[in-house]
Amino acid sequence: MFSVIPSIDTDIANMAPGFRALSILVKAAAVTHPEMGELALKQACQAVSVGEPEWAEAHLAAWAEVFKRFGAKPKRTPCSAEALRKRVLRDGELTGLDPIVDLYNAVSLRYAIPVGGENLAAYVGTPRLTLADASEQFDTMKEGLPAYESPESGEVIWRDDVGVTCRRWNWRQGVRTRLSVESQQMWFILESLPEMPLSALHDAGDMLIEGLLAMMPGAEIQRQLIGPGA
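The name an unreviewed UniProt entry gives the protein chain is B3/B4 tRNA-binding domain-containing protein, with Serratia grimesii as the organism.

Listed below in structure tokens is the structure:
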């Protein structure tokens with residue numbers, strides 16, 4: 001089993017006191033029940049529609065304040081969990097994309113938490129949460145074509161030795177490390193602030209792990225809490 005310990009810049013603690021995350025590594029196995037992803041997504045959409053979880057509004061508001069601290073405009077570029085939640089509240093559902101993506105989006109919706117899913121095999125070096133200096137490259141798509149852009153100076157980014165893997169903390173993931181059901185080395189990062197109970201963070205991790213094992217029995221999974229409470 002491979003291992004990775006993501007690096008968190010000390011500036012992050014000053015910007016988001018109490019930030020904590022679950023890092024989950026997965027050595028994939030054969031997918032025998034791909035339908036588990038879409039089922040979890042449907043159930044999560046139903047939970048959001050009836051107002052669950054009860055602390056969702058406070059947690060997402062806290063993320064919006066953190067985004068403002070590094071210059072982002074959360075109404076234009078909200079954290080990933082808020083963006084998903086708004087779509088469900090508007091449309092009542094989300095269309096399935098990929099079994100693995102559907103599963104981690106379901107966790108994000110059910111627990112109002114940003115969840116990143118990455119193909120670790122595409123990484124060069126260790127994942128790092130840090131502040132951009134605007135020289136980094138971020139690979140994305142524009143008008144259906146591959147494109148590159150740079151983050152703003154001081155923007156919170158996830159990156160590796162090659163470049164940015166996620167802009168504005170957890171707003172948009174890059175193409176190079178995009179995760180799918182075919183990926184063999186998976187890395188998930190579940191990111192929370194103190195407005196989300198620590199027990200709920202662990203419950204979110206349990207939901208993801210249980211869903212992965214139901215989808216691909218035999219997968220090897222490791223989890224690690226990062227930050228306060230670890």
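A. Expanded view of the side chain of Ser 192. By secondary structure assignment, the location of Ser 192 is in strand 10 (residues 185-192). Those residues in contact with Ser 192 that lie beyond four places of it in its chain are Gly 18, Phe 19, Arg 20, His 59, Trp 63, Ile 113 and Leu 201.

B. Geometry of the pattern of salt bridges. Here the structure, examined in full by the defined rule, presents 12 salt bridges. A salt bridge links Lys 68 to Glu 65, with the nearest nitrogen and oxygen atoms 3.2 Å apart. With Lys 68 and Glu 65 both in helix 3 (residues 56-69) and three residues apart, this pair spans about one turn of that helix. Lys 68 sits in the partly exposed class, given a relative accessible area of 48%. For Glu 65, a relative accessible area of 38% puts it in the partly exposed group. Measuring nitrogen to oxygen at the nearest pair gives 2.9 Å for the salt bridge that ties Asp 160 to Arg 176. In this pair, Asp 160 is assigned in the loop between strand 7 (156-159) and strand 8 (164-167) and Arg 176 in the loop between strand 9 (172-173) and strand 10, connecting sequence segments 16 residues apart. Looking at Asp 160, the relative accessible area reads 0%, which means it is buried. The class for Arg 176 is partly exposed, based on a relative accessible area of 28%.

C. Structural context of the environment of Arg 172. With respect to the secondary-structure elements, Arg 172 resides in strand 9. Between the C-alpha atom of Arg 172 and that of Pro 78, which follows or precedes it by 94 residues, the distance is 9.6 Å. Excluding residues that lie within four positions of it along the chain, Arg 172 makes contacts with Phe 138, Thr 140, Thr 165, Cys 166 and Arg 167.

D. The arrangement of the packing of aromatic side chains in detail. With the rule as written, the count across this model stands at eight aromatic pairs. When the centroid spacing of 5.1 Å and the interplanar angle of 70° are considered together, the rings of Phe 19 and Trp 169 count as edge-to-face. Highlighted residues: Phe 19 in the loop between helix 1 (10-15) and strand 2 (20-27) and Trp 169 in the loop between strand 8 and strand 9, separated in sequence by 150 residues. An identical accessibility class is assigned to Phe 19 and Trp 169; each is buried. Among the aromatic residues, those joined into a cluster by ring pairs are Phe 19, Trp 63, Phe 67, Phe 70 and Trp 169. Cation over ring: Arg 168 sits above Trp 171, and NZ or CZ is 4.7 Å from the ring centre.

About the criteria used
- Residues numbered from 1 in each chain as written.
- Predicted model: local features only at pLDDT ≥ 70, side-chain atom pairs only at ≥ 80, totals over all residues.
- Heavy atoms only, no water.
- Helix = DSSP H or I, 4+ residues; strand = E, 2+ residues; numbered from the N terminus.
- Contact = heavy atoms within 4.5 Å.
- Salt bridge = Lys/Arg side-chain N within 4 Å of Asp/Glu carboxyl O.
- Buried < 20%, exposed > 50% of the residue type's maximum accessible area, 1.4 Å probe, protein only.
- Phe/Tyr/Trp six-rings, centres within 6.5 Å; stacked < 30°, edge-to-face > 60°.
- Lys NZ or Arg CZ within 6 Å of the ring centre and 35° of its normal.

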